[in-house]
Amino acid sequence: MAFKIRLHKERIIMKLAEQIQQADWKKEKHVPVIECADEVKAGEIFEVKVSLGKEIAHPNTTEHHIRWISLYFRPEGERFTYQVGHYEFSAHGESAQGANEGPIYTHHEVRVSLKLGKSGTLFALSLCNIHGLWESSKEIKVV
Ligand code: FE
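Here's what I pulled together on the structure shown here. These figures come from a predicted structure and were not determined experimentally.

Below, the discussion takes up the pairing of strand E4 (residues 66-75). Bridge count for E4 against strand E7 (residues 120-128) is nine bridges, and the pairing is antiparallel. By the bridge assignment for E7, Ile66 is matched with Cys128. Relative to strand E5 (residues 82-88), E4 runs antiparallel, the two being bridged by six bridges. Residue pairing for E5: Tyr72 is matched across the bridge by Gln83. Taking the residues that link successive antiparallel strands as the turn, the E4-E5 hairpin has six residues, and the phi of Gly77 there is positive, at about 75°.

Moving on, we get to the sheet that holds strand E8 (residues 132-142). Judged by pairing direction, the sheet is mixed, and its five strands sit side by side in the order E2-E8-E7-E4-E5 without closing on themselves. The two strands at the open ends of the sheet, each matched to only one other strand, are strand E2 (39-40) and E5. Taken together, the two bridges between E2 and E8 define a ladder with parallel strand orientation. Within E8, the residue paired with Val40 across the bridge is Val142.

With that out of the way, let us pick up the sheet that holds strand E1 (residues 33-35). What the three strands build is an open sheet, ordered E1-E3-E6; its pairing is antiparallel. The outermost strands of the open sheet, each flanked by one partner alone, are E1 and strand E6 (109-114). Going from strand to strand, the sheet's axes swing by 20° on average, the running direction of each strand aside. Sheet topology note: the E1/strand E3 (residues 46-51) ladder contains three bridges and is antiparallel. Along E3, the bridge assignment pairs Val33 with Ser51.

Before going further, it helps to spend a moment on the nonpolar core. For soluble globular proteins, nonpolar side chains are generally found buried alongside one another. By size, the foremost hydrophobic cluster in this structure holds ten residues: Ile34, Val48, Val50, Ile69, Leu71, Val110, Leu116, Leu122, Ala124 and Ile140. At the level of elements, E3, E4 and E7 are the ones that each hand at least two residues to this core. Beyond its immediate sequence surroundings of up to four residues, Ile34 is in contact with Val48, Val50, Leu122, Ala124, Ser136 and Lys138.

With that out of the way, let us pick up the environment of Ser126. Along the chain, Ser126 turns up in strand E7. The residues touching Ser126, leaving out its near neighbours within four places in the chain, are His30, Pro32, Leu52, Ile66, Trp68, Ile69 and Trp134.

Conventions we followed
Here the residue index of a chain counts from 1 through its sequence in written order. The predicted nature of this model means local features are confined to residues of pLDDT at least 70 and side-chain atom pairs, given and counted, to a pLDDT of 80 or more, with totals for whole chains, interfaces and linings taken over all residues. Here, any two strands with at least 2 DSSP bridges between them count as paired. For helices the rule is a DSSP run of H or I covering at least 4 residues; for strands it is a run of E covering at least 2, with both sets numbered from the N terminus onward. Helix axes use the C-alpha atoms of the stretch in contact, all axes being lines fitted to C-alpha atoms, and the angles between their N-to-C directions lie in the range 0 to 180 degrees. Core membership is restricted to buried Ala, Val, Leu, Ile, Met, Phe, Trp, Tyr and Cys residues, and these are joined into a nonpolar core through C-beta atoms within 7 Å. Residues are called buried when their C-beta atom has 20 or more other C-beta atoms within 10 Å, exposed when it has 12 or fewer, and partly exposed otherwise; all C-beta atoms are positioned from the backbone. Placing a C-beta atom from the backbone of each residue, one calls two residues in contact when those atoms lie within 7 Å.

Here it is as structure tokens:
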């Protein structure tokens, strides 16, 4: 009985954050790459590109592909993180003729425009349909 209770407690303390994988994007194809200026002017619109496979290509097939990328921003010294956007990649060669016979494959890359009022950190989170969650981050300075 005591054993059962202990198992239950272990399940409760499992954290999603512990399932999110990190690595060097130059060596690991699942890591999202955030590209934007290191410094931006307050209130000025700028572009952020988030992609995967910049160094090592990730497959894009019906069986193995990137489902989505989410981008977040945490202002320096603040407690909470804001979501910039969530970008779904829905077409991966599926068709009535079968897997990988379809005419369209959404590529796992997104460009978004935004403006900031404060320095902070951008976080990108991506999901591979079979290899799970991956994250990366980039500091950005508002001058
Ligand atoms: Fe994968």
